[in-house]
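Take a look at the letters that make up each chain.
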Amino acid sequence: MNIVPIKKEQHQNLKLAKKRDLSHVANQHIVPVTAREFAQAATSYPITVVKDPDSERYRCVAMLGLEAGENLYYGEEKWNAIYVPQSISLVPFTLGLDPEKEKTLTACIDLDSSFVGEDKDEALFDAEGNETELLKSVHESLGRMYEDEINTENFLKVLQENDLLMELELQLSLNTGENKKLVGLYGIDEKKLQELSDEKVIDFHKRGLFIPIHAMLVSVGQVNRLAQLRNTSDNTAKVSGIQFRPVETK
C-alpha cells in the first residue's frame, strides 16, 4: 500500500476505475462498522465487538467468516449481501493526517491500488484543476465516516461505563465431528440491559442508543447466515450446529 494525501499539484491527472470490486477483503473475516450502520448491517452480518490486544480498545465489527482468513460474502462476480460496510466500500480512499497541516485529517488515496492510475476512467480533478463531483462525494463520505467513528467510540464508552458488554464465544459443530470455538468476541448483556434504571432508560432513549443496541442484539441471528453461506460453498467442512454463548466466568 502507498497511501498519500490527495493533492492537486501531484494528482491532477489521477483517475479512478469505474468498475471496482471488493477483492481487497477476500481474506478478511471481520471488518469495522460504525454504530450508524448497525441497522442496515444487521440485515446481513453478525455485529460484535472485539478488543484490540495492543491498545485494549474495543472496536465494532461485522463478521464475514467463521475463522481467520475466511470471507463468506466475497465472490469474484458478486458480494453476497445487499449492504456493504462503508469501511470497505470507500477503498481506495481513506482518511489520513496531512503532513503540511499539523493534526489535520485529509482525504488520502492508495496509489498502489489496481483501481487507481492515469489510464483509468473517472478523473479526480477537471482540466482547470478543480475537484470533480466524484472527489467532492469522496470528501463528503470520508467526513461522514470520521463523524461516525467518533460517535461509535462514544457508544462503546457508554456500553463499558454501564457494564453492558459481555464476552461471548461462537461454538461450531462441523459434519466432520470436529467442534470449534471462536473467542474474543463481545456482545450486549441483555440481563444488565433490562436492569438499567428508569433514568438510564430515558437517557439512552433520548440519545438514540437503543437503536444500535437492539440492532446488535438482532444481528446475532445472522450467524445462521454465515453457516448457510459456508454450507453452500466449496468448503468441505460443513456446519451442523452454531451458537453464540456467554463465556463462563470462573
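Okay, so let's go over this structure. (Residues numbered from 1 in each chain as written. Predicted model: local features only at pLDDT ≥ 70, side-chain atom pairs only at ≥ 80, totals over all residues. Heavy atoms only, no water.)

**Here's the deal with the overall build of the protein**
The test is simple: Helix numbers and strand numbers start at the N terminus; a helix is a DSSP run of H or I with at least 4 residues, a strand a run of E with at least 2. Only protein chains enter the accessibility calculation, which uses a 1.4 Å probe; a residue is then buried when its area is under 20% of its type maximum, exposed when over 50%, and partly exposed in between. A 1.4 Å probe and the Shrake-Rupley method give the accessible areas. Residues count as covered only by the protein chains that appear here.
Secondary structure summary: the protein contains eight helices and twelve strands in total. For the protein, the spread of C-alpha atoms along the principal axes amounts to about 65 × 50 × 30 Å. The buried share among the 250 residues of the protein stands at 43%. On the protein, roughly 14500 Å² of surface is accessible, and the fraction owed to carbon and sulfur atoms is 47%.

**Digging into the pattern of salt bridges**
This is how the line gets drawn: Salt bridge, as used here, is a side-chain nitrogen of Lys or Arg placed within 4 Å of a carboxyl oxygen of Asp or Glu.
Going through the model one piece at a time under the given rule, you end up with ten salt bridges. Asp148 serves as the salt-bridge partner of Arg36, at 2.8 Å between the closest nitrogen and oxygen. With Arg36 in the loop between strand S3 (30-32) and helix H2 (38-41) and Asp148 in helix H4 (residues 133-161), this residue pair connects regions lying 112 residues apart in the sequence. By relative accessible area, Asp148 is classed as buried at 6%. Residue Asp203 is joined to Arg207 by a salt bridge in which the shortest nitrogen-to-oxygen separation is 2.9 Å. One salt-bridge network, held together by shared partners, links Glu67, Glu70, Lys180 and Arg230.

**A word on a nonpolar patch on the surface**
Selection criterion: Patch rule: a residue counts if its relative accessible area is over 30% and it has no salt bridge; like charges are joined within 9 Å, and nonpolar side chains (Val, Leu, Ile, Met, Phe, Trp, Tyr) within 5 Å.
Together, Leu97, Leu105, Tyr146 and Ile150 make up a nonpolar patch on the protein surface, roughly 370 Å² of accessible area in all. With respect to the secondary-structure elements, Leu105 resides in strand S7 (residues 105-110). With relative accessibility at 39%, the residue Leu105 sits in the partly exposed group.

**A word on the nonpolar core**
Quick reminder of the rule: Throughout this description, the term nonpolar core refers to a set of buried Ala, Val, Leu, Ile, Met, Phe, Trp, Tyr and Cys residues connected via side-chain atoms within 4.5 Å.
Core analysis: the biggest nonpolar cluster contains 55 residues, and Phe38, Tyr45, Trp79 and Leu170 have the highest contact counts within it. Membership of the second largest hydrophobic core comes to 17 residues, among which are Ile109, Phe115, Leu124 and Leu135.

**Considering the pairing of strand S5 (residues 58-63)**
Taken residue by residue, a regular strand's side chains alternate between the two faces of the sheet. Short version of the rule: Note: two strands are recorded as paired if DSSP finds a minimum of 2 bridges between them.
Taking burial as the measure, the six residues of S5 include five buried ones, the bulk of the element. Here strand S4 (residues 47-51) runs beside S5; their pairing, made up of five bridges, is antiparallel. Counterpart to Ile47 in the pairing with S5 is Ala62. Hairpin remark: S4 followed by S5, antiparallel, with six residues in the connecting loop; positive phi at Glu56, about 65°.

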